[in-house]
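# Structure assessment
Below, each chain spelled out in residue letters.
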Amino acid sequence: MKYVLVTGGVVSGLGKGVTASSIGLILKACGLRVTSIKIDPYLNTDAGTMSPFEHGEVYVLDDGGEVDLDLGNYERFLDIKLTGDNNITTGKIYQSVIDKERKGDYLGKTVQVVPHITDAIQEWIERVAVIPVDGKDGPPDVCVIELGGTIGDIESMPFIEALGQFSYRVGAGNFCLIHVSLVPVLSVVGEQKTKPTQHSVRGLRSLGLTPNILACRSTMELDENVKEKISRFCHVPLDNIITLYDVSNIWRIPLLLRDQKAHEAILKVLNLKGVAREPALGEWTSRAELCDKLQEPVRVAMVGKYTGLSDSYLSVLKALVHASVACHRKLCIDWIAASDLEDETSRENLENYLSAWKLLKGANAILVPGGFGDRGVEGKILAARYARANRIPFLGICLGMQIAVIEFARSVLGLLDANSTEFDPNTQNPCVIFMPEGSKTHMGGTMRLGSRRTYFQVADCKSAKLYGNQSFVDERHRHRYEVNPDMVQQLEDAGLSFTGKDESGRRMEIVELPNHPYFIGVQFHPEFKSRPGKPSALFLGLIAAATGQLETFLKKDVPKTWGLSNGTSGLKSHRYVNGTKLANGSLDGIYCNGNGIHV
């Protein structure tokens, strides 16, 4: 087994996750089977109870693991399915060691950080690294490990010690350390400064780890004399110093690594040069170029609670990007704080109120993502009402589906106090109720989590057609509340159609308005399974409806040609049937929020 460790220095937020994902992608393009592990040094057992404002989105895996958002990057780049064990936290490690101590596994010894915690970390890595994640039999060839935080953080120390021991134990030819560091440019001097990287590498060496490769983050490509200086002071070969400078879209980062022969440096350290081939990234290159060529915009209003931090909805953004590029459109996100749409805001901050409604009314599509808590709920209901009444394409996810049902009950059935018991426990018309198997006392891991099966109830509906006319679909869930099954008949009699249900038939999974151009709500989170080149069916439907292309997707047995064709010279075309790409490869793109180009 070969291991690649990615660490970060100087400051956080340098892009270690994207770097680790790109390394995994380029190694996969060399013909190797790759898996990934993310180490988070916080004491939480998992990311499930952390605020998206604090840590970005909570990413959900097939097995129900609530994990760091970087695992979403790994799954999207590598098109793999990870498990909760692929995310190691301090909380998990200490809990496992304490559980062993309570059972008497340590035979009366004094339990210490070294060797018991450090051994537990190494054993966890070795156990998880051999689990296949690509659907094939047998262990992967390479495990890419990302250590969260920054070198020198006190909470990272047990992991640093464990990884130092681990590198010695597996041997030099089986372990490659890539250190991501910052090379800033002082605006006054205009010179690329190497001192932060020198100090970071010195700190790494003092902790028992020696970098094989340096990935230097900078706004511009490093000057040759700067690379020579880093090489001389950090004792890293010149060919092993890679520049990760700012690029137009995130999908160019693996190409930066390839162009600077990063794969050759990694393969040389791991003694794999005779085994791996040259990276096959032709299709990826074409798509990265296509992303920069998209001009015609599609505007999507994102009505949410955590709009101040885009990472709170990272997977939703990526799924929108995948769908937009497939429809040959440049994605423009209009962030709308749900509370700004409410009448109370019109009295307290009229400017914000008018601005929010102007953005909502100017959008080609409206999306209400998942969330928890009652802040902004009435604003989300108003957004759903506007989309329903004005026939604007709408997608509601999790809470977004629940507020769509509440809005319908209020506006169409006339049940003015209709609500969720999450927000009004005393409502006389509880459209959404707490799930009977949930827990109100323990928060972590007590929701309905992971991959669950949804059975289509109606063949002639948009969601079933977008999923390729299958009888069922497996999607990932994360919720405590559900549509009240006792009100379903009343809602359906009024024109709402619950087109997808679970195996019991009492849990509502998909809701649609049949006479609306595109109005769909889902209890699951389709964004977690959207992949570059294989966009989520429901996101694809939303963007297609917003751009006048939906009917093409809904026609049966008609090949669809999307992505790299449609008049882009010099690029290959790809065929889609019912929204599913027939060729291999990856695809992603860019979105714009009015402040430049972002990924």
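Cut-offs and rules
Residues numbered from 1 in each chain as written. Predicted model: local features only at pLDDT ≥ 70, side-chain atom pairs only at ≥ 80, totals over all residues. Heavy atoms only, no water. Helix = DSSP H or I, 4+ residues; strand = E, 2+ residues; numbered from the N terminus. Rg over C-alpha atoms; globule rule 2.2 N^0.38 Å. Buried < 20%, exposed > 50% of the residue type's maximum accessible area, 1.4 Å probe, protein only. Contact = heavy atoms within 4.5 Å. Areas by Shrake-Rupley, 256 points an atom, 1.4 Å probe, with all protein chains shown as cover. Lys, Arg positive; Asp, Glu negative; His and termini not counted. Charge placed at Lys NZ, Arg CZ, Asp CG, Glu CD. Core = buried A, V, L, I, M, F, W, Y, C linked by side-chain atoms within 4.5 Å. UniProt positions renumbered as here; feature names shortened; annotations may be inferred. Patch = residues over 30% accessible without salt bridge, like charges linked within 9 Å, V, L, I, M, F, W, Y side chains within 5 Å. Salt bridge = Lys/Arg side-chain N within 4 Å of Asp/Glu carboxyl O. Axes fitted to C-alpha atoms, helices over the stretch in contact; angles between N-to-C directions. Parallel < 35°, antiparallel > 145°, perpendicular 65-115°, else oblique. Left-handed = near helix turned anticlockwise from the far one by under 90°. Nonpolar A, V, L, I, M, F, W, Y, C, P; charged D, E, K, R; others polar. Expected span 1.5 Å × (residues − 1). Phe/Tyr/Trp six-rings, centres within 6.5 Å; stacked < 30°, edge-to-face > 60°. Lys NZ or Arg CZ within 6 Å of the ring centre and 35° of its normal.

## So, the overall build of the protein chain
If you tally the helices and strands in the protein chain, you get 20 helices and 26 strands. Relative to the compact-globule value of 25 Å for 599 residues, the protein chain shows a C-alpha radius of gyration of 25 Å, a close match. Considering the protein chain as a whole, with its 599 residues, one finds that 59% of them fall into the buried category. Expressed as a percentage of contacts within the protein chain between residues at least 6 apart in sequence, the contacts between residues at least 24 apart total 71%. Here the protein chain has roughly 23,700 Å² of accessible surface; of this, 49% comes from carbon and sulfur atoms. Considering the protein chain, the positive charge centre built from 66 side chains and the negative charge centre built from 69 side chains are found 5 Å apart.

## Re the nonpolar core
Ranked by internal contacts, the top residues of the largest apolar core, which has 51 residues, are V4, I23, L27, V144, C176, I178 and I266. Excluding its chain neighbours within four sequence positions, the residues that come into contact with I178 are V4, L5, V6, T7, I23, I213, A215 and I266. One finds I397, C398, Y518 and L540 within the second-largest nonpolar core, a separate group that totals 47 residues.

## With respect to the UniProt feature "domain: CTP synthase N-terminal" (unreviewed entry) in the protein chain
In this structure's numbering, the residues bearing the UniProt feature "domain: CTP synthase N-terminal" (unreviewed entry) are residues 2-272. Split by type, residues 2-272 is 41% helix and 17% strand. Its first and last C-alpha atoms lie 9 Å apart.

## Thoughts on a positive patch on the surface
On the surface, a cluster of positive charge is made up of K195, R202, K229 and R232. Secondary structure elements with two or more residues in the positive patch: helix 7 (195-206) and helix 8 (224-234). Mapped onto the elements, R202 comes out in helix 7. We classify R202 as partly exposed; its relative accessible area is 47%.

## A look at the packing of helix 1 (residues 16-29) against helix 3 (residues 70-78)
For the pair helix 1 and helix 3, interaxial distance at closest approach is 9 Å and the crossing angle is 25°. Looking at the two axes, helix 1 sits roughly parallel to helix 3. In this structure, the crossing between helix 1 and helix 3 has a hand that is right-handed. Residues G17, V18, A20, S21, S22, G24, L25 and K28 of helix 1 touch helix 3, and the partners they reach there are D70, N73, Y74, F77 and L78. Classifying every residue of the contact of helix 1 with helix 3 by side-chain character gives six nonpolar, five polar and two charged.

## Some remarks on helix 11 (residues 282-293)
For helix 11, built from twelve residues, the straight-helix expectation of 16 Å at 1.5 Å per residue is met to within 8% by its first-to-last C-alpha distance of 17 Å. For helix 11, the set of buried residues is W284, T285, S286, R287, A288, L290 and C291.

## What to know about helix 10 (residues 262-269)
Among the eight residues that make up helix 10, six are buried, leaving the element largely enclosed by the rest of the structure. Along helix 10, the residues that are buried comprise A262, H263, A265, I266, L267 and V269. Those residues of helix 10 hidden inside the fold are in contact with strand 1 (2-8), helix 1, strand 7 (175-182), strand 8 (213-218), strand 9 (241-245) and helix 9 (253-259).

## Examining the pattern of salt bridges
Side chains that differ in charge, positive against negative, can pair when their charged atoms come close. With the rule as written, the count across this model stands at 31 salt bridges. Between D134 and R33 there is a salt bridge whose closest N-O contact spans 2.8 Å. Placement of D134 in the loop between helix 5 (113-129) and strand 6 (142-147) and of R33 in the loop between helix 1 and strand 2 (34-40) is noted, with a sequence separation of 101 residues between them. Assessed through its relative accessible area of 15%, R33 is described here as buried. Among the ionic pairs, E191 bridges to K193, the shortest N-O distance being 3.5 Å.

## Quick look at the packing of aromatic side chains
Enumeration according to the criterion identifies 13 aromatic pairs in this entry. Each ring, one from Y59 and one from F528, has its centre 5.0 Å from the other, and the planes form 70°; the classification is edge-to-face. Linking Y59 in strand 3 (residues 59-60) with F528 in the loop between strand 21 (519-522) and helix 19 (537-546), this pair joins segments that are 469 residues apart in sequence. Its relative accessible area of 0% is what places Y59 among the buried residues. Considering the side-chain rings of F166 and F175, the 6.5 Å spacing of their centres and the 75° angle between planes classify their relative orientation as edge-to-face. Summarising the burial analysis for this pair, F166 and F175 share the class buried. An aromatic cluster is built from Y3, F166 and F175, whose rings are joined through pairwise contacts. The positively charged end of R127 is found above the aromatic ring belonging to W124, 4.9 Å away from the centroid.

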